[in-house]
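Tertiary structure, described
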Amino acid sequence: MSSFSWKQKWTAITPKPFAFISILSSTYIIQHVLKSRKRRSEVFHRLLLGLSLCDLFASTSFFLGTWPIPVGTKGVYLASGNKATCDAQGFFQQFFGVAPPLYNGSLAVYYFLIIRYGWKNGNPKLKVAEKLLHAVPLLYATITAVIGSALDMYRSSNLWCWVAGQYQITRMIFLYGPVWLSFIVTSFCMIKIYCEVRAQEAKTKKYNSSVTSAGRSDLPQRTDHSRRFANQAMFYVLSFWITWLFPTCTRVSQFITGGSSPFVFIALFTIFIPLQGFFNVLVYLRPKYLKFKKRHADKNMCQLILLGCGCSGERAMRMSVFHISGRSSTANFSRFNGKSSVSKVEVEGIEAIMEEDEDEPNEPNEIDANQLNEEQA
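Okay, so let's go over this structure. What you see is a predicted model; the values in this text were computed from it and never measured.

**Here we look at the pattern of salt bridges**
This model, assessed by the stated rule, comprises six salt bridges. Here Glu 130 ties to Arg 46 by a salt bridge, and the two come within 2.6 Å at their closest N and O atoms. Highlighted residues: Glu 130 in helix H6 (residues 124–150) and Arg 46 in helix H4 (residues 43–64), separated in sequence by 84 residues. Using a relative accessible area of 10% as the deciding quantity, one classes Glu 130 as buried. Residue class for Arg 46 comes out partly exposed when judged on its relative accessible area of 27%. A salt bridge links Arg 155 to Asp 152; its shortest N-O distance comes to 3.4 Å. Accessibility expressed as a relative area gives 33% for Asp 152, which makes it partly exposed.

**So, the packing of aromatic side chains**
Per the counting criterion, the structure on display carries 25 aromatic pairs. Aromatic side chains Phe 112 and Phe 188 sit 6.4 Å apart centroid to centroid with 50° between the ring planes, which places their arrangement in the tilted category. On the criterion of sequence distance, the pair formed by Phe 112 in helix H5 (residues 83–117) and Phe 188 in helix H7 (residues 168–210) is long-range, its members being 76 residues apart. The exposure class of Phe 112 is buried, given its relative accessible area of 13%. Through a chain of ring-to-ring contacts, three or more aromatic side chains come together here, namely Phe 44, Tyr 110, Tyr 111, Phe 229 and Tyr 236. Geometry around Phe 63 places Lys 16 over its ring, the cationic atom sitting 5.7 Å from the centre. Positioned above the aromatic ring of Trp 67 is the side chain of Lys 16, whose terminal nitrogen or guanidinium carbon lies 3.6 Å from the ring centre.

**Observations regarding H6**
Here H6 spans 38 Å end to end across 27 residues, near enough to the 39 Å set by a 1.5 Å rise per residue. The largest bend along H6 measures about 30° and falls at Ala 135, with the proline Pro 137 one to four residues further on. The backbone nitrogen of Lys 125 has a side-chain oxygen 2.8 Å away, supplied by the residue at the start of H6, namely Asn 123. Looking one or two places after H6, you find Asp 152, whose phi comes out positive at around 55°.

Definitions and cut-offs
Residues numbered from 1 in each chain as written. Predicted model: local features only at pLDDT ≥ 70, side-chain atom pairs only at ≥ 80, totals over all residues. Heavy atoms only, no water. Salt bridge = Lys/Arg side-chain N within 4 Å of Asp/Glu carboxyl O. Helix = DSSP H or I, 4+ residues; strand = E, 2+ residues; numbered from the N terminus. Buried < 20%, exposed > 50% of the residue type's maximum accessible area, 1.4 Å probe, protein only. Phe/Tyr/Trp six-rings, centres within 6.5 Å; stacked < 30°, edge-to-face > 60°. Lys NZ or Arg CZ within 6 Å of the ring centre and 35° of its normal. Expected span 1.5 Å × (residues − 1). Bend = angle between axes of the 7 residues up to and from the residue. Polar contact = N/O pair within 3.5 Å; in protein donor to acceptor, adjacent residues only side chain to side chain.

Laid out in structure tokens, this is it:
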């Protein structure tokens, strides 16, 4: 009979599949940014690259889980390592554990600078800001990880090796303090961004009511662009909040109860903390999905997924049990050698939209808040 409880087995096994999904997700973002010279030249994508690289290594550490913990550690299922493997995981866990939340704060600040001040790629001020937005996460992660290693603080924390439980204040300074500070920073930036966008929309509405000339009809489109860009920023922030919600609940409950936490928080902790890379790729692909959905407005969710996976239009119709045929204009089928196939026009349209990189304002080169305010003045 096993000497480990189901809860101990849960905490050891559960993070692995979710971490693997996150590894694949972060790898996709990394290769997608690196393979394009244009994306590599944009501040947004460089910040996202830094975040995804940190997520990749953090997810790898989450996937290893209890394996590096010294074998024979009491109450730890699958512990198979030694002191050296535990120290190594503790170092990487600290470095790549604290860097992603700080990078999320950097992304929020970047969005705020773009929308509030209209800074674009090439702006000298944005170049200086970018250096700081990279430096803060990487320097803080490096300093804390080295201190933890130098002071021999890394021990089993039941889920993986990290700062030992007796160093509660150090844990707060090394991880949870920066995470909660990032909560505050991202919340502040999102509030300011939406206030700015609402103000722009109000000015545009007032301007349109008083000006009938068609020469400046681009103002509503520009404001709409800012609003969609702000929505994209909010989804990145939400992915960060969702990831760290249950770790925060776990830590707060431990403070309240004096050391214990409801297992439901721990169970959700082991599911959501490894998934930030996955949440990020969902947000990253969201503009492409919206554009694809707009191009195929007559398709339901199941058909969109099948089309996105490369199925022909006819096959998507047949496989979707929820399809109600009321149109025939978008899927023009022709007979060729006795087989049905989707028209060339539709195939080319699908391929084009799947390859487009500028579907939605991830990188808002068109936004210039200062110019918008001048035109509306």
